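Structure at a glance
Below are the chains, spelled out letter by letter.
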Number of protein chains: 2
Amino acid sequence: MLDTILDAGRVGHLATSDEDGQPYVLPVAYARDHDRIIVHGSTGSRLLRSLAAGQPTCFTVTLLDGLVLARSAFESSMRYRSAMVLGSCQLIADDDDTLRALEVLTEHLMPRRWADLRPPLRKEIAATRLLALPIAEWSVKVSDGWPEDEPDDVGLPIWAGVLPLQHVFGAPMNAPDLAAGLQPPDYVRHWSA
Amino acid sequence: MLDTILDAGRVGHLATSDEDGQPYVLPVAYARDHDRIIVHGSTGSRLLRSLAAGQPTCFTVTLLDGLVLARSAFESSMRYRSAMVLGSCQLIADDDDTLRALEVLTEHLMPRRWADLRPPLRKEIAATRLLALPIAEWSVKVSDGWPEDEPDDVGLPIWAGVLPLQHVFGAPMNAPDLAAGLQPPDYVRHWSA
């Protein structure tokens, strides 16, 4: 279930905490690479610097699957899947590992795109800062049920059920500077959101 | 822009940090109530207890709007809107304020649902723990652009553009214990995901 959740998301929330105990939570693009999570950081960000220094972190991915409409506000809730990973990140410093992790990240976010792209330049790899968070301490929470109203409420004339939430991609939009005659690749039609 | 982002989301990520500087990030349902954020906590959770005690927190909402497909991995990115609010929560202890906040929360998550629901019982209000986070210190980040490839890359025979991500509700699903003859209410068709 952990891998299923991690592999279904594209953006997670990564936290750090300063010396006063003030947490900061930022959205990051990520991919699971076997037993570690690859996170893309922006060079020079405070978050990345403190995480690369080994500060304890928490990485959480949440997928919202639907709304659960019960007969009372108290029992109304949501369907969701959430994964939390605790640990410390390591900066991927080696160029070869950076290149491989960049491919894993790109292929997770945009499957089959890597082969189409102009290959990374040496200077781009040098400017790319990726973090790896080992998947060692983690927890998962899943809510996938139906309304659980009290027996007295079930007979009330109030509709109850689930409204599923779907995440889908719309039609590809050409870049304004796209060269004439180029069509969106077929593989984008198979991407799941 | 802050209010637009907060009002468009249903789930945010709320953080706390323990005495060792270990952050924890949990998904929570929320609603904006004027200049504060109402957060629904589960009674007895460690997160809620430490937040109700005034621990510094960070609340982040992220809306993923699409994938930006450039000609290189380096320039590939995402369209997103994110809001981060820093501060300390207060436990809503008063029953009247809890009831009003519960209505705000329910009406944000499920607009027009409140009037249909069986009204909250006194014991339910007593068991509901809501937190309020004042919106005082905050920041917003928006990425809504197009691929920004280097001039040398624009002429390559690689499609570039944006794949918009849409969040939509599917058809309502009846609860297994739904009384015969009840239909999903019309208002759910107008909910935006």
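Residues numbered from 1 in each chain as written. Chains lettered and ligands numbered in written order. Predicted model: local features only at pLDDT ≥ 70, side-chain atom pairs only at ≥ 80, totals over all residues. Heavy atoms only, no water.

A few words on the interface of chain A and chain B. The partner chain B presents 83 residues to the 82 residues of chain A that form the contact. For the pairing of chain A and chain B, the buried interface totals around 7000 Å² over both sides, and the portion due to carbon and sulfur atoms is 70%. When the buried surface of chain A facing chain B is broken down by residue, Arg118(A), Trp159(A) and Met173(A) rank first, second and third, together holding 11% of it. Between the two partners, chain A and chain B, sit 4 salt bridges. Of the charged contacts, one joins Asp177(A) and Arg71(B) as a salt bridge, the two residues approaching to 3.1 Å between their closest N and O atoms. (Contact = heavy atoms within 4.5 Å. Buried area = accessible area lost by both parts, 1.4 Å probe. Salt bridge = Lys/Arg side-chain N within 4 Å of Asp/Glu carboxyl O.)

This brings us to the packing of aromatic side chains. Residue and element names in this part refer to chain A. For the structure on display, the rule yields 6 aromatic pairs over all chains. Site record: aromatic cluster; members linked through ring pairs are Phe169, Tyr187 and Trp191. A cation over an aromatic ring shows up here: Arg79 above the ring of Trp146, its NZ or CZ 4.7 Å from the ring centre. (Phe/Tyr/Trp six-rings, centres within 6.5 Å; stacked < 30°, edge-to-face > 60°. Lys NZ or Arg CZ within 6 Å of the ring centre and 35° of its normal.)

It is worth spelling out the pattern of salt bridges at this point. Residues and elements named next belong to chain A. Enumeration according to the criterion identifies 22 salt bridges over all chains in this entry. One salt bridge in this structure joins Arg32 and Asp7, with 2.9 Å as the shortest N-O distance. Taken together, the residues span a long stretch of sequence, with Arg32 in strand E2 (residues 23-33) and Asp7 in helix H1 (residues 2-8) at a distance of 25 residues. What makes Arg32 partly exposed here is its relative accessible area of 23%. (Helix = DSSP H or I, 4+ residues; strand = E, 2+ residues; numbered from the N terminus. Buried < 20%, exposed > 50% of the residue type's maximum accessible area, 1.4 Å probe, protein only.)

Moving on, we come to a nonpolar patch on the surface. Taken together, the side chains of Met1(A), Trp138(A), Val140(A) and Val142(A) define a hydrophobic patch exposed on the protein surface, amounting to about 360 Å² of accessible area. Looking at the secondary structure, you find Trp138(A) in strand E8 (residues 137-143). (Patch = residues over 30% accessible without salt bridge, like charges linked within 9 Å, V, L, I, M, F, W, Y side chains within 5 Å. Areas by Shrake-Rupley, 256 points an atom, 1.4 Å probe, with all protein chains shown as cover.)

Residues and elements named next belong to chain B. Between its terminal C-alpha atoms helix H3 (residues 95-109) stretches 21 Å, which fits the 21 Å expected from 15 residues at 1.5 Å a residue. When H3 is considered as a whole, its buried residues turn out to be Thr98, Ala101, Leu102, Val104, Leu105, Thr106, His108 and Leu109. Between the side-chain oxygen at the start of H3 and the backbone nitrogen of Asp96 there is a gap of 3.1 Å, and the oxygen is on Asp94. (Expected span 1.5 Å × (residues − 1). Polar contact = N/O pair within 3.5 Å; in protein donor to acceptor, adjacent residues only side chain to side chain.)

Take the environment of Leu48(B) next. With respect to the helices and strands, the residue Leu48(B) is situated in helix H2 (residues 46-52). Measuring from C-alpha to C-alpha, the distance between Leu48(B) and Ala160(B) comes to 45 Å, with 112 residues separating the pair along the chain.

Its rotation angle being 180 degrees, the transformation that places chain A on chain B also includes 0.0 Å of axial translation and leaves an RMSD of 0.0 Å. Here the two chains are linked by the operation of a two-fold rotation axis. No C-alpha of chain A approaches the rotation axis more nearly than that of His167(A), which lies at 2.3 Å. A share of 100% of the interface residues of chain A reappears at the interface of chain B, consistent with the copies meeting face to face through the same patch. (Least-squares fit on C-alpha atoms with pLDDT ≥ 70 in both.)

What follows covers the confidence of the model for chain A. When pLDDT is averaged along chain A, the result is 95; 98% of the residues meet or exceed 70. As a predicted assembly, this complex carries a pTM of 0.96 together with an ipTM value of 0.96. (pLDDT = per-residue confidence, 0-100.)

Residue and element names in this part refer to chain A. Of all 14 residues making up strand E4 (residues 56-69), 12 are buried, and the element is well covered by its neighbours. Here E4 pairs with strand E5 (residues 77-88) via 12 bridges, running antiparallel. Bridge pairing in E5 places Cys58 opposite Leu86. Here E4 runs beside strand E9 (residues 161-169); their pairing, made up of 4 bridges, is antiparallel. When the sheet's bridge partners are listed, Gly66 is paired in E9 with Pro164. (Pairing = 2+ DSSP bridges.)

Before going further, it helps to examine the state of the cysteines. Counted by the stated rule, this structure contains 0 disulfides over all chains. Looking at the unpaired Cys58(A), the closest cysteine sulfur is the one in Cys89(A), lying at 11 Å. (Disulfide = S-S within 2.5 Å.)

Residues and elements named next belong to chain B. Along the chain, Asp33 falls in strand E2 (residues 23-33). Only 2.8 Å separates the side chain of Asp33 from the side chain of Arg100, close enough to count as a polar contact. Aside from chain neighbours lying at most four places away, what touches Asp33 is Ile38, Arg100 and Val104.

Attention now moves to the nonpolar core. Core analysis: the largest hydrophobic core is formed by 31 residues, its most contacted members being Leu67(A), Leu69(A), Leu163(A), Leu130(B) and Trp191(B). Put simply, the parts of the chain that give this core at least two residues each are E4, E5 and E9 of chain A together with H3 and strand E7 (129-134) of chain B. Take this core: its biggest share by element is 5 residues, from H3(B). Once residues within four sequence positions are removed from consideration, Leu69(A) is found in contact with Ser76(A), Pro147(A), Trp159(A), Ala160(A), Gly161(A), Leu163(A), Met110(B), Arg113(B), Val188(B) and Trp191(B). Judged by nonpolar contacts, the second largest core, of 30 residues, contains Val104(A), Leu117(A), Leu67(B) and Leu69(B). (Core = buried A, V, L, I, M, F, W, Y, C linked by side-chain atoms within 4.5 Å.)

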